[in-house]
Amino acid sequence: MWQIFNKELKELLRDKKTLFFMIALPLLLFPLIFGGVAFISGQAIKDAQNKVLKYGLIGAEHAPQLASALLAATDKFELVEVEAEQDFKQLIKDQVVDFVLVVPQGFDSDLFTAGQQKLQLHLNDASLNMVYNRVNDEVEKLSKQRQQKAFGQLGVNEEQQAALLEPILLEKNNIADKREDWGEKIGGIVPYLVFILCFQGAMYPASDLGAGEKERGTLETLLISPIDRYKIVLGKFLTIAFAGATSALITVASMAIWGIILSQGMAIEFVVEFMSAINMLDFILMFLMLIPVVAIFASVLLCLSIYARSFKEAQSYMGALILFVIMPIVLAMLPGVTLDGGWAWVPLTNVALAMKELIKGTMDYFALIAIFGSTALIAGALIGFCVYWFNQEKVLFR
C-alpha cells in the first residue's frame, strides 16, 4: 500500500497542473481573485456614486426650491432640456438622460392645504447608477424643511417633533461581540470556498489515478503485480486524500496569513480584532474536520475515476458532482439551521456549520463528537465501497 502511495505521489508531484490546483490556487490565486473582485466592485460603486447624472425636470416652476437645489449640485447633476410630451422611456434607453423628474401642479402649496405630494421619478433601476438614492437625498432635504416649517406653524418644539414623527422607538442592544457579528456574516462563505478548493485539489489526481491509468494502459501492469488489490486501492486513495488535505491545509493557512497581512498592512481595526480573536486551536480544528471530508471526496472521486472509460469521461462525472458538494453548504447558510439537534449528524452540512461556529467563537465542542463520528463513519463506508468497486472486473474493464 505504501509503495503504491509513494509511486503515485511522486508522479503527482511531477505534474505541474496538480501542483497548481494544490498550491498556487488556494495560496496565491484565491486571494488575488477575491481581492481583485473586491477592488473592482468597490471601484464600480465609487464611480457610480461620483458620476454626474443627466436629468430632465418637468414642472420646475411648481418646485423652484428643488429645481435650484438640483442646479446647484453641479458635481452630481446636469440639467438637460426635456419636454413633457417626449417619451421619457426612450430618452433614458438612448442615454440622453439618466432620469426624468416630474413635479405635479400645486407642489409648492402649503402642506396643510395640499397634503402629501408625490413626485414621479422615471429611471432605469436595473443599471448600477444609484439614481433613486441620489435623487432621494435631495428630496429628503426638501421634505425635512417642509416638516420644520409645518411644525413651526403649529408651535411644536424639537422634542415634540421627534415624538410625533416616531412615537415609539425600538432601541437595539446587540449583545454579540464583533467576532460573533462578523463571523455570522462571513462564516457561511468560508466553508463554501474551502470545500470547493479541497474538491478541486482532489479531482485532478483522482481522474489521473483511475481513468488516466486506463488510457495509458498501465492499469493492467499494476493489477498483475504481487500486491493485493485492496492495497492498490488504499494507496491510490491516500494519494488523492493527501492532495485534497494539502489543499485544505494551504487554504486554511492562506486564510490566516492573508487575514493577518491585510489587517496589519491596511491598519483595519476590526480586521485586526477579528483575526486576533480566532486562536490557533480554532484553525487546527477547522483543518482536522476537513480530513474526513477530504476522505469522502477522495473515495467518491476514485470510484468515479475507476468507473470511467477515459480521463474526459471522468472529468464530466466529477464536474456534475460539484452540485452535490454545494447543496449541503447552502443548507448550512439557511436561517434557523444550527448545530443543535440532528444537524450535527448531517454529513458536510455539520462541518460547514461547525466552521461557521468556530469563526464566530460560539462553538459547542461537544458537538465535535457527532461531527467527527458521522463524517468518519460515512468516509469509512465509502472507502469500503471503493475497495469493492475496484474488485469488479466489469467496472475496471468497461
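Keep in mind the model is a prediction, meaning the values are calculated, not measured.

Before going further, it helps to spend a moment on the overall build of the protein. Looking only at helices and strands, the protein has 17 helices and four strands in total. Across the 398 residues of the protein, 41% fall into the buried class. Pairs at least 24 residues apart make up 76% of the contacts formed inside the protein by residues separated by at least 6 positions. A total accessible area of about 22,300 Å² is found for the protein, and carbon and sulfur atoms account for 63% of it.

Two numbers describe how helix α9 (residues 189-216) lies on helix α14 (residues 311-333): the axes approach to 10 Å, and their chain directions differ by 160 degrees. One element, α9, and the other, α14, form an angle in the roughly antiparallel class. Here the hand of the crossing between α9 and α14 comes out right-handed. Of the residues assigned to the contact of α9 with α14, the class counts are 19 nonpolar, four polar and three charged.

A word on the confidence of the model for the protein. Summing up the model confidence of the protein, the mean pLDDT is 79 and the portion of residues at 70 or higher is 82%. The lowest-confidence element of the protein is helix α12 (residues 269-277), averaging 59 in pLDDT; the highest-confidence one is strand β3 (residues 99-102), averaging 92.

A few words now on the pattern of salt bridges. Following the criterion strictly, the structure yields five salt bridges and no others. Among the salt bridges present, the one from lysine 76 reaches glutamate 138, with a minimum N-O distance of 3.9 Å. Residue lysine 76 is found in the loop between α3 (64-72) and β2 (77-79), and its partner glutamate 138 is found in helix α6 (residues 131-154); the two are separated by 62 residues along the sequence. Residue lysine 76 is classed as partly exposed on the basis of its relative accessible area, which comes to 34%. For glutamate 138, a relative accessible area of 7% gives the class buried. Residues joined in a network through salt bridges with shared partners are Lys76, Glu138 and Lys141.

Here is the key point about a regular strand: its side chains alternate between the two faces of the sheet. Buried residues dominate strand β1 (residues 53-58), accounting for five of its six residues. Examined bridge by bridge, β1 and β2 share three bridges and lie parallel to one another. Bridge pairing links lysine 54 to glutamate 78 in β2. Note that the unit made of β1, α3 and β2 has a crossover that is right-handed.

We now examine the environment of glutamine 86. By the element assignment, glutamine 86 lies in the loop between β2 and α4 (88-93). What glutamine 86 contacts, discounting residues up to four positions off in sequence, is Glu81 and Leu91.

Right, let's get into the packing of aromatic side chains. The geometry of an aromatic ring pair is captured by the separation of the ring centres together with the interplanar angle, meaning the angle of the planes. Applying the stated criterion across every chain yields a total of ten aromatic pairs. Taken together, a centroid distance of 6.0 Å and an interplanar angle of 85 degrees make the contact between tyrosine 55 and phenylalanine 77 edge-to-face. One end of the pair, tyrosine 55, is in strand β1; the other, phenylalanine 77, is in strand β2, and 22 residues separate them in sequence. The exposure classification of tyrosine 55 matches that of phenylalanine 77, with both residues buried. Centre to centre, the rings of phenylalanine 385 and tyrosine 388 are 6.1 Å apart; their planes meet at 40 degrees, and the pair counts as tilted. Taken together, the positions of phenylalanine 385 and tyrosine 388, both in helix α16 (residues 367-390) and three residues apart, correspond to about one turn of that helix. A relative accessible area of 38% places phenylalanine 385 in the partly exposed class. Taken together, Tyr307, Tyr317, Phe385, Tyr388 and Trp389 form an aromatic cluster joined through their ring pairs. Positioned above the aromatic ring of phenylalanine 107, the side-chain terminus of arginine 146 is 4.4 Å from the ring centre.

Cut-offs and rules
- Residues numbered from 1 in each chain as written.
- Predicted model: local features only at pLDDT ≥ 70, side-chain atom pairs only at ≥ 80, totals over all residues.
- Heavy atoms only, no water.
- Helix = DSSP H or I, 4+ residues; strand = E, 2+ residues; numbered from the N terminus.
- Buried < 20%, exposed > 50% of the residue type's maximum accessible area, 1.4 Å probe, protein only.
- Contact = heavy atoms within 4.5 Å.
- Areas by Shrake-Rupley, 256 points an atom, 1.4 Å probe, with all protein chains shown as cover.
- Axes fitted to C-alpha atoms, helices over the stretch in contact; angles between N-to-C directions.
- Parallel < 35°, antiparallel > 145°, perpendicular 65-115°, else oblique.
- Left-handed = near helix turned anticlockwise from the far one by under 90°.
- Nonpolar A, V, L, I, M, F, W, Y, C, P; charged D, E, K, R; others polar.
- pLDDT = per-residue confidence, 0-100.
- Salt bridge = Lys/Arg side-chain N within 4 Å of Asp/Glu carboxyl O.
- Pairing = 2+ DSSP bridges.
- Right-handed = clockwise from strand over helix to strand, strands pointing away.
- Phe/Tyr/Trp six-rings, centres within 6.5 Å; stacked < 30°, edge-to-face > 60°.
- Lys NZ or Arg CZ within 6 Å of the ring centre and 35° of its normal.

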